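Here's the letter readout for the chains.
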Amino acid sequence: MRRFLVMTTIKITLSSLPKAKILVSFLRTLGYVKDISIEDDREPLTAEDWIRPGRPATEAEIDSLIEEMEKDDDPGMTTEQLEKEIAQWNKGIYK
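None of these values were measured; they are calculated from a predicted model. (Residues numbered from 1 in each chain as written. Predicted model: local features only at pLDDT ≥ 70, side-chain atom pairs only at ≥ 80, totals over all residues. Heavy atoms only, no water.)

Novice: Would you take a moment to explain the overall build of the chain for this structure?
Specialist: Check the secondary structure of the chain and you find three helices and zero strands. Helices (α) and strands (β) of the chain occur, in sequence order from the N terminus, as α-α-α. Of all 95 residues assigned to the chain, the portion counted as buried reaches 9%. In the structure as shown, the chain presents an accessible area of about 9,500 Å², 55% of it carried by carbon and sulfur atoms. (Helix = DSSP H or I, 4+ residues; strand = E, 2+ residues; numbered from the N terminus. Buried < 20%, exposed > 50% of the residue type's maximum accessible area, 1.4 Å probe, protein only. Areas by Shrake-Rupley, 256 points an atom, 1.4 Å probe, with all protein chains shown as cover.)

Novice: Explanation requested: a negative patch on the surface in the structure shown.
Specialist: Taken together, the side chains of Glu59, Asp63, Glu67, Glu68 and Glu70 present a region of like negative charge at the surface. Residue placement: aspartate 63 occurs in helix α2 (residues 59-71). Residue aspartate 63 is classed as partly exposed on the basis of its relative accessible area, which comes to 43%. (Patch = residues over 30% accessible without salt bridge, like charges linked within 9 Å, V, L, I, M, F, W, Y side chains within 5 Å. Salt bridge = Lys/Arg side-chain N within 4 Å of Asp/Glu carboxyl O. Lys, Arg positive; Asp, Glu negative; His and termini not counted. Charge placed at Lys NZ, Arg CZ, Asp CG, Glu CD.)

This is the structure:
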């Protein structure tokens, strides 16, 4: 009698990437788990989404923002310049 190997796939949705990584690490220790991967099916933020207060950005969104910042030619400001501005803000002086 010939036996056919039937693979079964399950899909689990978790609340955070760190928790997913912990579960994946555990599942890889099981001998009968053939393959496992983490998929992020969320869409990246649009320009309007970045202004929603209280909404944490995903790792992919943060990576995208970092890439955009690295491509930007604006050098920004130094720590000293920022400290001076904060000191002025604390005195009630806004530019």
